[in-house]
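# Fold and geometry: a report
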Amino acid sequence: STETSSATTVQTTTNVIITVAATLVTSTVQLTTTTTILTTTVAATTIPATSLSAATSTTAILTSTETSSGATIQTTTKVVTTVAGSTTTTSEPISSTAQATSTTTTAPMTSTTQVTSTTTTAPMTSTPQATSTTTTAPMTSTPQATSTTTTAPMTSTTTGCPGCCGETVATGLNNPAFVTIDSTGNLFVSDSGNLHITKFTSGSTTGTVVYDGSGSNVSPQGVYIVSDGTLYFADNSNSVVFKLINATGNPTIVAGEFATPGNPPSLFNYPYGVYADSGTFYVSDAVTDVVVKFFSNSTNGTDGTVVAGSSGNSAILSGPAGIYVVSSSGNLYVADNNNDRVVRWLPGADPSTGGVVIASNTLGNVNGVIVTANEQTLFVTDNTANSVKKFTVGVDTATIFAGNGTAGSGVYQLYAPIGLALDSTEQYLYVVDSGNGRVQRFYIPSC
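Quick caveat: nothing in here was measured; it's all calculated off a predicted structure.

So, on to the overall build of the protein chain. A tally of helices and strands in the protein chain yields zero helices and 34 strands. Across the protein chain, every contact between residues at least 6 apart in sequence was considered, and the portion connecting residues at least 24 apart equals 46%. In the form shown here, the protein chain has an accessible surface area of approximately 19200 Å², with 49% of it arising from carbon and sulfur atoms.

Below, the structure is given as structure tokens:
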């Protein structure tokens, strides 16, 4: 019996009928064995080539020997089964003084092929598995041959996963703006309407206030935490940038002068987006239309360096909002809010002429921007469309990743989204759903 699978499955059914006739003459016993093999071939059924690896299974009866010893007749039957080039032979004694009857039982093949039998029949389906037993009576034992065919794994799609359609991970907020994630998965949200920075531990939707700016009318906007636990945030009401050591305690001004608006590089009119790493931090000024870079040891009033845009030139940047720097390359991505696009500057590029538009297709009032570490996928919040849009870097074609284009409070809906963050595995995207006062999480592989 031969089953062969590659791009197609051929089913061959073989019925083996063994007739054993015994004739007893005085002290001599004569055993006559007749084997008839009937073969039926069934039409091939095509299956995907990826479903199965090639497998061939062959079962055959090789020999039958009868010996006489006293009044006992012993018949030795050898069964040879070959699967994908591997042969197994099993011999079992048959003791009888009378006529023997052979019965064949078959079963369908599914998943991994396992054949137990002298006679094998099998329809092969996606991943084959079959058990077939032949019993000859009266027998002291049943010959068995076991063979296994390993098939190529089948591809499956994850469904029903947490967060596929949007999962609320932070609530109780008032016009939140931006979000950042520390190395242990804790969220820090600039709760602008409440003048707070609120921390949400992993798995809890109820936050703890780590900074309360109500006494000085501090309105947190862009927020970013670095690996050592230092938290940077922009205060647009007082035109400064603060840092919190270990994301707690009293903040220190690291850029701008408190309640003193002015033009960069030493002052701000409206500091908004923030990005930071271990040695530097970046701030977008949404009124002056520039992005300024500072060293981490900066203090109030220190001059920074304009790295993107030109003061008052809205053709380059207009109302820059969220910013993100890819640590491996140093490339700076800016959400150019009023120009409805994302612009990228390479390290050292001219702030006025070096920007390259990376994404603009179907965008409106972009606020948040983030890029994967390999710099292949870009996510952008589209405030006008109440959605997050996804781009392949270098291809200006948008697909809606989160939200359905209509403002709403359903788990799959967004209302005026702003900030974005990725977890360390880049499996989850966090979206500040400002109009609904919450943060939503989306599982990237399934969305």
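And the narrative resumes.
This part is about unusual backbone geometry. Along the chain, P264 connects to P265 via a cis peptide bond; the corresponding omega equals 20°. Looking at the secondary structure, you find P265 in the loop between β19 (252–255) and β20 (271–276). Non-glycine residue N365 carries a positive phi angle of around 50°. Mapped onto the elements of the fold, N365 is located in the loop between β27 (356–359) and β28 (366–371).

All told, the structure shown has 13 aromatic pairs when counted by the stated rule. Relative to F294, the ring of F281 has its centre 5.2 Å away and its plane inclined at 15°; by these criteria the two rings are stacked. With F281 in strand β21 (residues 280–285) and F294 in strand β22 (residues 290–295), this residue pair connects regions lying 13 residues apart in the sequence. F294 matches F281 in its accessibility class, with the two residues each being buried. Following the ring pairs from residue to residue traces out a cluster consisting of Y224, Y275, Y282 and Y324.

Looking at where R341 falls in the secondary structure, it is placed in strand β26 (residues 341–345). Overall, R341 belongs to the buried group, its relative accessible area being 18%. When residues no more than four places from it in sequence are discounted, the contact partners of R341 are A315, I316, V334, A335, D336, V357, A359, S360, L363 and V366. Among the polar contacts made by the side chain of R341, one reaches the main-chain carbonyl oxygen of I316 at a distance of 3.0 Å.

This paragraph deals with the nonpolar core. Most often, soluble globular proteins have nonpolar side chains that are buried together. One finds F281, V291, L332, Y333, L378, V388 and L429 to be the most contacted residues of the largest nonpolar core, which totals 75 residues. Discounting residues that sit within four places of it in the chain, L378 has contacts with Y333, V342, I358, A359, V369, I370, V371, K389, K390, F391 and V393. Ranked by size, the runner-up nonpolar core spans 14 residues in total, among them V179, L187, V189 and V432.

Time to look at the environment of S424. Looking at the secondary structure, you find S424 in the loop between β32 (417–422) and β33 (428–433). Residue class for S424 comes out exposed when judged on its relative accessible area of 73%. When the C-alpha positions of S424 and I181 are compared, they lie 8.4 Å apart, and in sequence the two are 243 residues distant.

So, about the sheet that holds β22. Ordered by their spatial adjacency, four strands build an open sheet running β20-β21-β22-β23, and the pairing between neighbours is antiparallel. Of all strands in the sheet, those with a lone pairing partner are β20 and β23 (305–309), marking the two edges. Strand-to-strand, the axes of this sheet are offset by a mean angle of 25°, without reference to chain direction. Bridging between β21 and β22 involves six bridges; their strand directions are antiparallel. When the bridges of β22 are listed, V283 appears paired with V292.

A few words on the sheet that holds strand β16 (residues 220–225). Across the sheet, four strands lie side by side as β16-β17-β18-β19; this open sheet has antiparallel pairing. Each edge of the sheet is formed by a strand with only one pairing partner; in this case those strands are β16 and β19. Neighbour-to-neighbour, the strand axes of the sheet open up by a mean angle of 30°, direction not taken into account. Sheet analysis places strand β17 (residues 231–235) next to strand β18 (residues 240–244), joined by five bridges and oriented antiparallel. Residue pairing in the sheet places Y232 in a bridge with K243 of β18.

On to the environment of A321. With respect to the helices and strands, A321 occurs in strand β24 (residues 320–325). Distance from A321 to N338, taken between C-alpha atoms, is 9.3 Å for residues 17 residues apart in sequence.

Under the counting rule described, the total for this entry stands at four salt bridges. Two residues, E167 and R441, come together in a salt bridge whose shortest N-O distance is 2.9 Å. Here E167, found in strand β11 (residues 167–170), pairs with R441, found in strand β34 (residues 438–443); they are 274 residues apart in sequence, far enough to count as distant. E167 gets classed as partly exposed once you look at its relative accessible area, which sits at 27%. When its relative accessible area of 18% is taken as the criterion, R441 is described as buried.

On to the pairing of β32, then. Extensive coverage of β32 is indicated by the burial of six of its six residues. Here β32 pairs with β33 via four bridges, running antiparallel. Bridge assignment links L422 to a residue of β33, and that residue is L429. Between β32 and β33, which follow one another and run antiparallel, lie five residues, and E426 among them has a positive phi close to 60°.

The feature "repeat: NHL" (unreviewed entry), as given by UniProt, occupies residues 173–203 in the numbering adopted here. Between the end C-alpha atoms of residues 173–203 there is a gap of 17 Å, over a span that is 0% helix and 42% strand.

Cut-offs used in this document
- Residues numbered from 1 in each chain as written.
- Predicted model: local features only at pLDDT ≥ 70, side-chain atom pairs only at ≥ 80, totals over all residues.
- Heavy atoms only, no water.
- Helix = DSSP H or I, 4+ residues; strand = E, 2+ residues; numbered from the N terminus.
- Contact = heavy atoms within 4.5 Å.
- Areas by Shrake-Rupley, 256 points an atom, 1.4 Å probe, with all protein chains shown as cover.
- Phe/Tyr/Trp six-rings, centres within 6.5 Å; stacked < 30°, edge-to-face > 60°.
- Buried < 20%, exposed > 50% of the residue type's maximum accessible area, 1.4 Å probe, protein only.
- Polar contact = N/O pair within 3.5 Å; in protein donor to acceptor, adjacent residues only side chain to side chain.
- Core = buried A, V, L, I, M, F, W, Y, C linked by side-chain atoms within 4.5 Å.
- Pairing = 2+ DSSP bridges.
- Axes fitted to C-alpha atoms, helices over the stretch in contact; angles between N-to-C directions.
- Salt bridge = Lys/Arg side-chain N within 4 Å of Asp/Glu carboxyl O.
- UniProt positions renumbered as here; feature names shortened; annotations may be inferred.

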